[in-house]
Amino acid sequence: MESLRSAVRRYRPAGHVDLPDRSWPDRQVTTAPRWLSTDLRDGNQSLVNPMSPARKLQMFRLLVDMGYREIEVGFPVASRDDHDFLRMLIEKDLIPDTVRISVLTQARDDLIRETVQSLVGAPRATVHIYNATSPLFRRVVLGVDRAGCRHLAVHGTRLLMKYAEESLADCDLGYEYSPEMFNDTEPDFALEVCEAVMDVWQPGTDRPIILNFPTTVERTMPNVFADRIEWLDRNLTRREHVCLSVHPHNDRGTGVATAELAVLAGAQRIEGCLFGNGERAGNVDLVTLGLNLFSQGIDPEIDFSDLNRIRRVAEHCTGLPVHPRHPYGGDLVYTAFSGSHQDAINKGFTEQGRLAETGAEPVWDIPYLPVDPQDVGRTYESVVRINSQSGKGGIAYVLSTRLGLHPPRELQMEFARVVQSHADGEGGEIDPDRICALFRDGYMSGSLMAVPLSFSDLVPAYLHVDGAAFTVGGERTEELDRIRRALARWSIDVRAVHRTGTALADSAGLAVYAELRVGGDTLWGVGVEADLAAAVSAAVRSAVARTGRAPAAAPPATRVLPPRYARTG
């Protein structure tokens, strides 16, 4: 620890912009920005084993299917694979009319010339030229002063225009310029270089320019970057012809926040990779950014409805796994093990169902689930998973979704202790099939042993009816009396009948939960049958069977409810 304290003196805080009247904190995002996927270039260059042309094509088609309209397909002068992939896209006419490809090159004469030549035959393309502008790179890497650095950008722009006029007359050509290491560049100098580039390009109504500002190595807090972007947004000339773009990296773990605050500050376009792939800690994550918008009711204009497929393709093409805790895409992000979380989720789903029955406009509002897993192609199977940390809420959720049962709270608590005991004994997770089997074996397996009852007094039975509005009194009194008379032969007196849940999920009929009070003990049994009398019979027999003393014969399974009371649909 002492050595770390000593080492901290070697570091210095990143600079900030004097912007006391900043306005971005009071703004709101209402629409999606323009997106550029750089999976096939920046994301590919960062891989230990870069994608083969076949895998690059698979990734390209995924991006097209998702709706990305600007896709950086490579650095064609950096490798033969990148060059050949670009030529394959062009020569085999694989670029949809809705897609504009982009290629990257440094601001060097030979590289610009070869890049332009690699685009011959492309219907639409953007050439992206960059040079580093920060003081450190000017001094250590490039060995130039401000004027020399500005000249690199200006000369590169002139060369692009010259070579494009010679070779790309039939191409709808766009231009993007990046002052690399922008976040470490003096804001006034970044503005000076961009203005000099625009003086050459002469952006206009039919000749826009993309000015892209990367956090090449993220070193500042997101609010500092937002200040820089707002300052540029205010001071750039010809602003109506400029698309202000950002390319955040994630070295500090705040790439998403950097991008979102930059949009508030005036950025119109974001460059990034699916699941945050890219060099070092990665580029900003396009999946998280897009679904963050979606969760706020803003259309990201990208299709994330099959997130499982997106993840499979990305993992196959990059050879990198998506972390199980990755926002939206990870295996565990829609899963609750905690008992209190499970209880809240279960109650949230119940409330959503109740609101749906009223015809209210569906608004997603479930505790702990910022988006509906089904909207991104996930199922509810993994929303609640049971281990020794889980409680009655999660178990109730499993019984509801798997069996269509809504047990009373007291039965939920009792069964939760049963499940927890098995989880502790077996270790790890208890899957839903195992939970359902434990419930059936424990509460739904009344036997027909010919052993007479020997209760000295009437045993009070409280019947909880799930799936029908069967209550004491009113028009149901006659049916209740029939049930009471049928159970009297068992020395069982029905003290209460009330509803505990909604209709069953399947067409099995009605569920009855029999709560028998024998001495100081409470015994539960469950019956699911086509009519109420049969369900009551099965429930009481199951409860009695748990005492080890089953009735000699079942009571008559006379249908006591007209068909209109059974669940339909």
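Residue numbers here run from 1 along each chain, matching the order of that chain's written sequence. Totals for whole chains, interfaces and linings use every residue, but because this is a predicted model, local features are given only for residues with pLDDT of at least 70 and side-chain atom pairs only at 80 or more, for both listing and counting. Derived side-chain values reflect all non-hydrogen atoms in the structure, with water molecules and hydrogen atoms excluded from consideration.

1. A few points about the UniProt feature "binding site: Mg(2+)" (unreviewed entry) in the protein
UniProt positions are given in the numbering used here, feature names are shortened, and annotations may be inferred rather than shown by experiment. Within the UniProt annotation, "binding site: Mg(2+)" (unreviewed entry) is assigned to Asp42, His247, His249 and Asn283. Despite a sequence span of 242 residues, these residues sit close together in the fold, their greatest C-alpha distance being 10.7 Å. In this structure, His247 sits in strand β7 (residues 242–248). Note on classification: 1.4 Å probe, protein chains only; a residue is buried when its accessible area is under 20% of the maximum for its type, exposed when over 50%, partly exposed between these limits. Judged by its relative accessible area of 5%, His247 is buried. Should any heavy atoms of two residues lie within 4.5 Å, those residues are counted as being in contact. When neighbours within four sequence positions are excluded, His247 is seen to be in contact with Thr38, Arg41, Asp42, Asn212, Phe213, Pro214, Thr215, Glu271 and Asn283. Accessibility expressed as a relative area gives 2% for Asn283, which makes it buried. Those residues in contact with Asn283 that lie beyond four places of it in its chain are Thr38, Asp42, Gly43, His247, Pro248, His249, Asn250, Gly272, Cys273, Gly276, Asn277 and Gly278. Helix and strand definitions follow DSSP, with helices as H or I runs of at least four residues and strands as E runs of at least two, each counted in order from the N terminus.

2. Quick notes on helix α9 (residues 222–235)
An expected span of 1.5 Å times one less than the residue number is assigned to each helix. With 14 residues, α9 ought to run about 20 Å at 1.5 Å a step, and its terminal C-alpha atoms sit 20 Å apart, in line with that. In terms of residue burial, α9 counts as a mostly covered element, since ten of its 14 residues are buried. Residues of α9 that are buried: Pro222, Val224, Phe225, Ala226, Asp227, Arg228, Ile229, Glu230, Trp231 and Leu232. Taken together, the buried residues of α9 touch α8 (187–201), β6 (209–215), β7 and α10 (255–264).

3. A closer look at the packing of helix α15 (residues 409–426) against helix α16 (residues 432–443)
Angles run from 0 to 180 degrees between N-to-C directions of axes, and those axes are lines fitted to C-alpha atoms, restricted for helices to the stretch in contact. Direction vectors running N to C along α15 and α16 enclose 120 degrees, while the axes themselves pass 11 Å from each other. As judged from the angle between their axes, α15 and α16 are oblique. At the point where α15 passes α16, the crossing takes the right-handed sense. Packed against α15, whose contacting residues are Leu411, Glu414, Phe415, Val418, Val419, His422 and Glu426, the element α16 presents Arg434, Ile435, Leu438, Phe439 and Tyr443 at the interface. Oblique is the label for every angle not falling under 35 degrees (roughly parallel), over 145 degrees (roughly antiparallel), or within 65 to 115 degrees (roughly perpendicular). Take the far helix as your reference; a near helix turned counterclockwise from it by less than a right angle gives a left-handed crossing, and one turned clockwise gives a right-handed crossing.

4. Overview of the pairing of β7
Of all seven residues that make up β7, seven are buried, and the element is covered over most of its length. Residues Val242, Leu244, Val246 and Pro248 point to one face of β7 and Cys243, Ser245 and His247 to the other, with burial holding for every one of them. Strands are labelled as partners when DSSP assigns at least two bridges between them. Relative to β7, β6 is paired through seven bridges, and the arrangement is parallel. Its bridge partner being in β7, Phe213 is matched across the sheet by Val246.

5. Considerations on unusual backbone geometry
A positive phi is found at Phe275, a non-glycine position, where the angle reads about 60 degrees. We classify Phe275 as buried; its relative accessible area is 13%. Unusually for a residue other than glycine, Arg280 sits at a positive phi of about 55 degrees. Structurally, Arg280 can be placed in the loop between β8 (269–272) and α11 (286–295).

6. Concerning the nonpolar core
Of all hydrophobic cores here, the largest spans 102 residues; its most connected members are Phe60, Tyr68, Val73, Ile229 and Leu274. Sorting elements by how many residues they give to this core places α8 first, with eight residues. Excluding its chain neighbours within four sequence positions, the residues that come into contact with Leu274 are Asp39, Met59, Leu62, Leu63, Met66, Tyr68, Asp285, Leu286, Val287 and Ile310. We call a set of buried Ala, Val, Leu, Ile, Met, Phe, Trp, Tyr and Cys residues a nonpolar core when their side-chain atoms join them within 4.5 Å. One finds Phe415, Tyr443, Ala511 and Val526 within the second-largest nonpolar core, a separate group that totals 21 residues.

7. Quick notes on the side chain of Glu218
Mapped onto the fold, Glu218 is located in the loop between β6 and α9. Charged residues are defined here as Lys and Arg on the positive side and Asp and Glu on the negative side; His and the ends of the chain fall outside this count. Salt bridges are counted wherever a side-chain nitrogen of Lys or Arg sits within 4 Å of a carboxyl oxygen of Asp or Glu. Despite being buried, Glu218 has no salt bridge partner; Arg252 is the closest side chain of opposite charge, sitting 5.2 Å away. By the criterion applied in these results, polar contacts are pairs of N or O atoms within 3.5 Å in which, for protein atoms, one can donate a hydrogen and the other can accept it, and in which residues neighboring in sequence qualify only through two side-chain atoms. At 3.1 Å, the side chain of Glu218 forms a polar contact with the side chain of Thr258.

8. Observations regarding the confidence of the model for the protein
Taken residue by residue, the protein gives an average pLDDT of 85. The fraction at 70 or more is 85%. As a per-residue quantity, pLDDT reports the predictor's confidence and falls between 0 and 100. Note that residues 447–453 has pLDDT below 50 and, in this model, 18 contacts with residues that lie over four places away or in other chains.

9. Examining the pattern of salt bridges
Once the charged atoms of two side chains with opposite charge are near each other, the side chains can pair. The tally for this structure, following the rule as stated, stands at 33 salt bridges. Across the salt bridge formed by Arg238 and Asp199, the nearest N and O atoms sit 2.9 Å from each other. Here Asp199 lies in helix α8 and Arg238 lies in the loop between α9 and β7, a separation of 39 residues in the sequence. The exposure class of Arg238 is partly exposed, given its relative accessible area of 23%. Looking at Asp199, the relative accessible area reads 46%, which means it is partly exposed. Each of the salt bridges in this network shares a partner with another, and the network as a whole consists of Arg138, Arg146, Arg150, Glu186, Asp188 and Glu192.

10. Quick word on the packing of aromatic side chains
Any pair of Phe, Tyr and Trp rings, taking the six-membered ring for Trp, is counted once the centres come within 6.5 Å. Such a pair is stacked with planes under 30 degrees apart, edge-to-face with planes over 60 apart, and tilted for the rest. Counted according to the given criterion, the structure contains eight aromatic pairs. When the centroid spacing of 5.1 Å and the interplanar angle of 75 degrees are considered together, the rings of Phe415 and Phe439 count as edge-to-face. Remark: Phe439 occurs in helix α16 and Phe415 occurs in helix α15; sequence separation between them is 24 residues. For the residue pair Phe415 and Phe439, the accessibility class agrees, reading buried in each case. For the pair Phe415 and Tyr443, a centre-to-centre distance of 5.9 Å together with 80 degrees between the ring planes defines the contact as edge-to-face. Of this pair, Phe415 sits in helix α15 while Tyr443 sits in helix α16, and the two are 28 residues apart along the sequence. The same class applies to Phe415 and to Tyr443, which are both buried. Members of the aromatic cluster, connected to one another through ring pairs, are Phe182, Phe213 and Phe225. One residue, Arg207, lies across the ring of Trp201, its end atom 3.8 Å from the ring centre. Placement of a charge over a ring requires the Lys NZ or Arg CZ to be within 6 Å of the ring centre, with the centre-to-atom vector within 35 degrees of the ring normal. Stacked on the ring of Phe182, the Lys or Arg Arg228 has its end atom at 5.6 Å from the ring centre.

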